[in-house]
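# Fold and geometry: a report
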Amino acid sequence: LFRITDFAEIGLNWDTVPYCRCPENIFPKYELKENDILFARIGATTGKSYIVKNPPRAVFASYLIRLRPFSNVVPDYLYYFFNSDGYWNQVNANKKNNLKGGVNSSTLSDIRFPLPSKEEQQKIAAILSKIQQTIEIQESIIEKTRELKKSTLHYVFTQGLCGEKLKETEIGPMPESWEAARVGKYCQKPEYGFTESAIADGIGPKFLRITDITENGVNWDTVPYCRCSQNLFPKYELKENDILFARIGATTGKSHIVKNPPRAIFASYLIRLRPLYDVVPAYLYDFFNSEAYWNQVNANKKNNLKGGVNSSFLSDIIFPLPSQSEQMEIANIILTIDHKIEIYTAKKSALQDLCKTMLSKLMTGEIRVKDLDINVSEVIA
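First things first, this report covers the structure right here in the doc.

About the thresholds
Residues numbered from 1 in each chain as written. Predicted model: local features only at pLDDT ≥ 70, side-chain atom pairs only at ≥ 80, totals over all residues. Heavy atoms only, no water. Helix = DSSP H or I, 4+ residues; strand = E, 2+ residues; numbered from the N terminus. Buried < 20%, exposed > 50% of the residue type's maximum accessible area, 1.4 Å probe, protein only. Contact = heavy atoms within 4.5 Å. Areas by Shrake-Rupley, 256 points an atom, 1.4 Å probe, with all protein chains shown as cover. Salt bridge = Lys/Arg side-chain N within 4 Å of Asp/Glu carboxyl O. Core = buried A, V, L, I, M, F, W, Y, C linked by side-chain atoms within 4.5 Å. Pairing = 2+ DSSP bridges. Polar contact = N/O pair within 3.5 Å; in protein donor to acceptor, adjacent residues only side chain to side chain. Axes fitted to C-alpha atoms, helices over the stretch in contact; angles between N-to-C directions. Parallel < 35°, antiparallel > 145°, perpendicular 65-115°, else oblique. Left-handed = near helix turned anticlockwise from the far one by under 90°. Nonpolar A, V, L, I, M, F, W, Y, C, P; charged D, E, K, R; others polar. Expected span 1.5 Å × (residues − 1). Phe/Tyr/Trp six-rings, centres within 6.5 Å; stacked < 30°, edge-to-face > 60°. Arc of directions from axis to C-beta.

### A short note on the overall build of the chain
Secondary structure summary: the chain contains 11 helices and 13 strands in total. With respect to the principal axes defined by its C-alpha atoms, the chain has extents near 70 × 55 × 45 Å. When burial is assessed residue by residue, the chain has 43% of its 381 residues classed as buried. Sequence-distant contacts in the chain: of pairs separated by 6 or more residues, those separated by 24 or more amount to 72%. By element, 51% of the accessible surface of the chain is carried by carbon and sulfur atoms, the whole surface being about 21,100 Å².

### Here we look at the pattern of salt bridges
Within this structure, the stated rule accounts for 17 salt bridges. The salt bridge involving arginine 3 is made with aspartate 6; its shortest N-O contact spans 2.8 Å. The class for aspartate 6 is buried, based on a relative accessible area of 9%. For aspartate 338, the salt bridge is made with lysine 149, and the minimal N-O distance between the two is 2.8 Å. Note that aspartate 338 is positioned in helix α11 (residues 324-363) and lysine 149 in helix α5 (residues 118-159), a separation of 189 residues in sequence. For aspartate 338, a relative accessible area of 17% gives the class buried. Through salt bridges with shared partners, a single network forms among Glu191, Asp242, Arg272 and Arg274.

### A closer look at the nonpolar core
The biggest cluster of nonpolar side chains holds 33 residues, and the ones touching the most others in it are Ile243, Tyr283, Phe287, Phe288 and Phe319. Looking at this core element by element, the count peaks at 4 residues for helix α8 (residues 281-287). Each residue touching phenylalanine 319, except ones within four places of it in the same chain, is listed here: Ile171, Glu179, Ala180, Ala181, Arg182, Val183, Tyr186, Val279, Tyr283, Leu284 and Phe287. In this structure, Phe39, Phe81, Leu108 and Met363 belong to the second largest nonpolar core, which totals 30 residues.

### Things to note about the pairing of strand β13 (residues 318-321)
Residues Ile318 and Pro320 line one face of β13 and the alternating positions Phe319 and Leu321 line the opposite face, and both faces are buried. Here 4 bridges tie strand β6 (residues 179-182) to β13, and the two strands are oriented antiparallel to one another. Bridge pairing links glutamate 179 to leucine 321 in β13.

### Some remarks on the environment of glutamate 164
Mapped onto the elements, glutamate 164 comes out in the loop between α5 and β4 (166-169). Between the C-alpha atom of glutamate 164 and that of tryptophan 178, which follows or precedes it by 14 residues, the distance is 9.8 Å. With residues up to four places along the chain from it excluded, the contact list for glutamate 164 reads Pro175, Glu176, Ser177, Trp178 and Glu326. At a separation of 2.7 Å, a polar atom in the side chain of glutamate 164 contacts the side chain of serine 177.

### Things to note about the packing of α5 against α11
Relative to each other, α5 and α11 sit at 165°, their axes nearing to 9 Å. Considering their axes alone, α5 and α11 lie roughly antiparallel with respect to each other. Crossing angle aside, the handedness with which α5 passes α11 is left-handed. Here the contact of α5 with α11 is built from residues that sort into 23 nonpolar, 7 polar and 7 charged.

### Comments concerning α11
For α11, spanning 40 residues, the distance from its first C-alpha to its last is 57 Å, which sits close to the expected 58 Å at 1.5 Å a residue. Of the residues flanking the end of α11, it is glycine 365, one or two places downstream, whose phi is positive at about 80°.

### Some words on the pairing of strand β12 (residues 270-273)
Here β12 shows no split at all, with Leu270 and Arg272 on one side and Ile271 and Leu273 on the other all buried. Pairing geometry for strand β7 (residues 191-192) and β12, over 2 bridges, is antiparallel. Residue pairing for β12: glutamate 191 is matched across the bridge by arginine 272. The sheet contact formed by strand β9 (residues 243-246) and β12 spans 4 bridges and is antiparallel. Note on β12: the bridge partner recorded for leucine 244 is arginine 272.

### Describing unusual backbone geometry
One non-glycine residue with positive phi stands out, namely asparagine 241, at about 75°. One can find asparagine 241 in the loop between α7 (233-236) and β9. One non-glycine residue with positive phi stands out, namely asparagine 260, at about 50°. Its place among the elements puts asparagine 260 in the loop between β10 (255-257) and β11 (264-266).

### Some details on the sheet that holds β10
Taken in spatial order, the 4 strands of this open sheet run β7-β12-β9-β10, and their pairing is antiparallel. At either margin of the open sheet sits one strand with a lone partner, and together these are β7 and β10.

### What about the packing of aromatic side chains?
Per the stated rule, a full pass over the model turns up 26 aromatic pairs. Between phenylalanine 7 and tyrosine 50 the ring centres are 6.1 Å apart and the planes differ by 75°, which places this aromatic pair in the edge-to-face class. Of this pair, phenylalanine 7 sits in the segment before α1 (27-30) while tyrosine 50 sits in strand β2 (residues 49-51); the two residues are 43 residues apart in sequence, bridging distant segments of the chain. When the centroid spacing of 6.1 Å and the interplanar angle of 65° are considered together, the rings of tyrosine 30 and phenylalanine 60 count as edge-to-face.

### Description of helix α9 (residues 291-303)
End to end, α9 covers 18 Å across 13 residues, agreeing with the expected 18 Å (1.5 Å per residue, within 8%). Where α9 is concerned, the buried positions are Ala292, Tyr293, Gln296, Val297 and Asn300. Looking down the long axis of α9, one finds its buried residues gathered within 140° of arc, a one-sided arrangement. Elements in contact with the buried residues of α9: β9, α8, α10 (311-316) and β13.

Note that every value here comes from positions in space, so none of it alone points to a role or purpose.
As structure tokens, then:
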């Protein structure tokens, strides 16, 4: 049973899609076939589409609408149009004129799209398909590198780098010479952020909030400002190598290490940890991305009705503490992997920009491909 929540940014794993009871006499009506195009008709992803490829025996759920193109339209071409500005401008205009803001059968039937010859449709789809495949390859590389980071973190925090004999501790095995240390002993007391409203104008310092911290770090250009008096600013000022934690919400326990901050303070739903000189900040931050850390966070959630992260909890976190030289070496190993992820992510972003640009130019006819010799075998309907 394919649902809105099964939509994936890249590809679809049918193994994770659940089943449903569907009588045999009803099944043909809802059966998914090759090149069906599905749309989310309500919710946060309203208007988003997905083209079905190599489906198993499957049906689609009630919050989706299915479109099945006629033979004079190349399904992949039409699907790419449903990702273009020309499509989204029409969907968004409908949302403004529709109190419910959803997408229905009539809305989709009235969507206008550019229709060149079938041969040109195939060529446009072939070009965009090649770019999309390259994006998917890049995404696969990123995921594999993240898996490498995860396994490397587990290894270095349990085995170390020197081949020492291991000892068992409260958080699992670690080399004998390492200390099972508590965060509170090696960091300043965790501090909560500043309570204030964000403002757009450049009055006061930058105001970092949970929502400003993404998988790819912080884009300081998009972080808003806030009013903060001069006497309060030093208390909340962000400095190099401060480590911030989300203390509530969907990202509870997730951390971010501050690098090259502008004049900035942090908001009240964040907690700041400032390591002392005995601990290499990058090493400690790497631990906060490890399985051993998340085991402690998840155990706290089970034992804590509110399920948040507070100052006392962070101070009590246990982490493996080797010599500073080994901390530095471990931090450098993880930094190398992080740099690879950054490079691959930048390549993916560049490809996505290229895809968006090409999509616009091909769908508006700014670039014509009808006379080009292009292999269209993958998108022939």
